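# Chain and residue survey
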Amino acid sequence: MKKIISIYLDSFKGLSQAAWLLAVVMLINRMGSMVIPFLGLYMTQVLHFDIKQVGIVLMSYGIGSVCGSYIGGWLTDRIGSFKVQFGSLVLASPLFLLIPLFKEVQSLSIMIFTLSLIFDAFRPANSVSVASYAKPENITRAFSLNRLAINLGFSIGPAAAGFLATISFNWIFYGNSFAVMCAAVIFFIFFNKRQKRTDVKAKKEALANSNIIVKQSRNPYTDIPFVLFNIFCCIFSFCFFQLITTLPIFYREVHHLDDHQIGFLLGWSGFVIVLLEMFVVHVAEKRFSLISTLVFGTVLCALSYAMLNYMGGLGWLYFTFFIFGLGEMLTLPFMATVSVNRSTPKTQGAYMGFNSLAFSAANIFSPLLGTSIVDSFGFTTLWWATALTLSFTGLGFYLVLKWMR
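Residues numbered from 1 in each chain as written. Predicted model: local features only at pLDDT ≥ 70, side-chain atom pairs only at ≥ 80, totals over all residues. Heavy atoms only, no water.

Basically, it comes down to this: UniProt positions are given in the numbering used here, feature names are shortened, and annotations may be inferred rather than shown by experiment.
As annotated in an unreviewed UniProt entry, the protein chain carries the name Putative MFS family arabinose efflux permease and comes from Sphingobacterium detergens. The UniProt entry for the protein chain carries the following text under Subcellular location (unreviewed entry): "Cell membrane".

### Examining the overall build of the protein chain
To keep it simple, the criterion reads: Secondary structure elements follow DSSP: runs of H or I no shorter than four residues count as helices, runs of E no shorter than two count as strands, and numbering proceeds from the N terminus. Contacts are residue-level and defined by heavy atoms, with any inter-residue pair within 4.5 Å sufficient. Values of accessible area rely on a 1.4 Å probe in the Shrake-Rupley scheme; residue burial ignores everything except the protein chains shown.
For the protein chain, the count of helices and strands is 18 helices and 0 strands. In the protein chain, the proportion of contacts linking residues at least 24 apart, taken out of those at least 6 apart, comes to 87%. Summed over all atoms, the accessible surface of the protein chain reaches about 16,500 Å², with 69% contributed by carbon and sulfur.

### With respect to the nonpolar core
The following threshold applies: Residue types Ala, Val, Leu, Ile, Met, Phe, Trp, Tyr and Cys, when buried and joined through side-chain atoms within 4.5 Å, form a set referred to as a nonpolar core. Here the term buried applies to any residue with accessible area under 20% of the maximum for its type, exposed to any over 50%, and partly exposed to those in between, with areas from a 1.4 Å probe on protein chains only. Those domain boundaries reflect an automatic or database domain assignment.
In this structure, Met43, Phe229, Tyr251 and Met335 are the most contacted members of the largest nonpolar core, which totals 122 residues. Among the elements that line this core, the one with the most residues is helix 13 (residues 259-287), at 12 residues. Shared between two domains, this core takes at least three residues from each, and those domains are domain 1 (17-198) and domain 2 (220-404). Val66, Leu357, Ala361 and Ile364 belong to the second largest nonpolar core, which has 5 residues in total.

### As for the packing of aromatic side chains
The geometry of an aromatic ring pair is captured by two quantities: the separation of the ring centres and the angle between the planes. Worth spelling out the cut-off: Here a pair means two rings of Phe, Tyr or Trp (six-membered ring of Trp) with centres within 6.5 Å. Their orientation is stacked below 30 degrees between planes, edge-to-face above 60, and tilted elsewhere.
Scanning the entire structure with this criterion turns up 28 aromatic pairs. Ring geometry for Phe96 versus Phe119: centroids 5.6 Å apart, planes at 90°, classification edge-to-face. One end of the pair, Phe96, is in helix 5 (residues 81-98); the other, Phe119, is in helix 6 (residues 105-120), with 23 residues separating them in the sequence. Centre to centre, the rings of Trp316 and Phe319 are 5.8 Å apart; their planes meet at 45°, and the pair counts as tilted. Pair noted here: Trp316 and Phe319 are both in helix 15 (residues 314-329), with a separation of 3 residues, about one helical turn. On the accessibility criterion, Phe319 (39% relative accessible area) is partly exposed. Among the aromatic residues, those joined into a ring-pair cluster are Phe236, Phe240, Phe241, Phe250, Tyr251, Tyr305, Phe321, Phe324, Phe379 and Trp383.

### Some details on the packing of helix 4 (residues 51-79) against helix 17 (residues 348-377)
Counted only if it meets this: For helices, the fitted axis covers only the stretch in contact; all axes are lines through C-alpha atoms, and the angles between them, taken along N-to-C directions, range from 0 to 180 degrees. For classification purposes, angles smaller than 35 degrees are called roughly parallel, those larger than 145 roughly antiparallel, those between 65 and 115 roughly perpendicular, and all remaining angles oblique. Polar here means any residue other than Ala, Val, Leu, Ile, Met, Phe, Trp, Tyr, Cys and Pro, which are nonpolar, and Asp, Glu, Lys and Arg, which are charged; Gly is therefore polar.
Packing of helix 4 against helix 17 brings their axes to within 7 Å, and their N-to-C directions diverge by 175°. As the angle between them shows, helix 4 and helix 17 are arranged roughly antiparallel. Partitioning the contact of helix 4 with helix 17 into residue classes produces 15 nonpolar, 13 polar and 3 charged.

### What to know about helix 2 (residues 17-30)
Heads up, the condition is: Take the residue count of a helix, subtract one, and multiply by 1.5 Å to get its expected span.
Between its first and last C-alpha atoms helix 2 spans 20 Å; for 14 residues at 1.5 Å apiece the expected length is 20 Å, and the two agree. The element helix 2 is extensively covered by neighbouring structure, given that 10 of its 14 residues are classed as buried.

### Focus on the packing of helix 2 against helix 7 (residues 122-133)
Rule in force here: By convention, the crossing between two helices is left-handed when the near helix turns anticlockwise from the far helix through less than a right angle, and right-handed when the turn is clockwise.
Here helix 2 crosses helix 7 at 155°, and the two axes come no closer than 9 Å. In terms of axis orientation, helix 2 runs roughly antiparallel to helix 7. Between helix 2 and helix 7 lies a crossing of left-handed hand. Residues Ala18, Leu22, Met26 and Asn29 of helix 2 form the contact with helix 7, whose own contacting residues are Phe122, Asn126, Ser129, Val130 and Tyr133. Grouping the constituent residues of the contact of helix 2 with helix 7 by class yields 6 nonpolar, 3 polar and no charged.

### What about unusual backbone geometry?
For His48, which is not glycine, the phi dihedral falls at a positive 60°. Mapped onto the elements, His48 comes out in the loop between helix 3 (35-45) and helix 4. Judged by its relative accessible area of 62%, His48 is exposed. Although it is not a glycine, His256 adopts a positive phi angle of roughly 55°. On the accessibility criterion, His256 (62% relative accessible area) is exposed.

### Focus: a nonpolar patch on the surface
The line we're drawing: Surface patches are defined over residues having more than 30% relative accessible area and no salt bridge, joining like charges when they lie within 9 Å and nonpolar side chains (Val, Leu, Ile, Met, Phe, Trp, Tyr) when within 5 Å. The term salt bridge refers to a side-chain nitrogen of Lys or Arg lying within 4 Å of a carboxyl oxygen of Asp or Glu.
A cluster of nonpolar residues, Val90, Met181, Val185, Phe188 and Ile189, forms a patch on the protein surface that exposes about 400 Å² of accessible area. Counting residues per element, the nonpolar patch draws most heavily on helix 9 (residues 170-191), which supplies 4 residues. Relative to the elements of secondary structure, Phe188 occurs in helix 9. Here Phe188 falls in the partly exposed class, since its relative accessible area comes to 35%.

### Section: empty space enclosed by the protein
Rule in force here: Site definitions follow a grid-based scheme: protein atoms alone, a 1 Å grid, a 1.4 Å probe that fits but cannot get out for cavities, and for pockets an open set with protein on both sides within 12 Å along at least five of seven lines, plus lining residues having an atom within 4 Å of a point. Grid points are joined across faces, edges and corners, and a volume is the space filled by probe spheres set on the points.
With the rule as written, the count across this model stands at 5 cavities of 30 Å³ or more. Its volume calculated, the second largest cavity comes out at about 70 Å³. In terms of lining residues, the second largest cavity is bounded by Leu243, Leu247, Tyr251, Ser304, Tyr305, Leu308, Leu317, Thr320, Phe321 and Phe324. The element that contributes the greatest number of residues to the lining of the second largest cavity is helix 15, accounting for 4 residues. Among the residues making up the lining of the second largest cavity, the classes are represented as 8 nonpolar, 2 polar and no charged.

### Concerning the side chain of Thr371
Relative to the helices and strands, Thr371 is located in helix 17. Under the relative-accessibility criterion, Thr371 is labelled buried at 0%. Ignoring any residue separated from it by four or fewer positions in sequence, one finds Thr371 in contact with Ile51, Gly55 and Thr246.

This is how it looks when you write it as structure tokens:
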């Protein structure tokens, strides 16, 4: 037990001050992660959209996210990560307040597209900041710390949203707007004119010792192994995003959970990640290869979706989310590490933008296809199809990372 506690504490050591400050900003930002998980419920309960209309609006979110990821990466390489992140936060905050004004499918789709375009431009710029401020030997743990903050915020946000929804769904939008503006103010205070790490030599040495070979000049969109890697990341995220699109509806319609219970269930996954991710990533870095970690994590995610077809009680639903959380810990931080290690200092924004784009692209078709499968064949078919797709993705990661090595 003492050894486990020692390893757990060691997983937090050695991270730069800037890495911790970025995590604080991300925590405050994601504490407002209320709108997206409850957007499907908002459209079905308040606006009375059918499930296909819900899919169309959520698809517009995915299209905006793709555009935002590309533009965010492109701008980051030209004007810097600070300006992109600060601008994204400042512009996104008032947009959350405007969502309740749009009540038709077409107008709401345009509004959600605009919001996601601006809000998701933040992601590649933030990933570049994490890599830029992190110590070279701690890049994966720096990303894990950032994800820990995201998930801590995500565990608080949906739980709070469940209570706010009992007052009015509009309060969810107000809370999200307030949290994003607070994040913008604190980000500006912490990082305005803050110098990035300049130890380029040490970073190059660390990357040279990694599993992924780095070249001095390379375009991410013509880097064939990286293109294939991002295709599998896109397939993975296609399945991953069922978590915030069809799963809340599944909880409502099949298990008849109320808003409080759904909020706590969504928050539970974030709590598990907050508690265990730094420890799990630290152990995985020391004891397992990058390939085996990504493959095993993907298989765990597949297992969790298959488990949803067993109609257990509320405790079983919490357990399936625990398994999914373990899989998430072993995949997402290491995907970011692959992207950083493939890039060069001049192409970090492009590489991280491409990787973010891979995740965002899934949002275009994931909600629409997921809801269409449910409408035509039911939730059972959706969960089996998702589990099989993730199993295929695990094999894809194995093959493409072997090629990258």
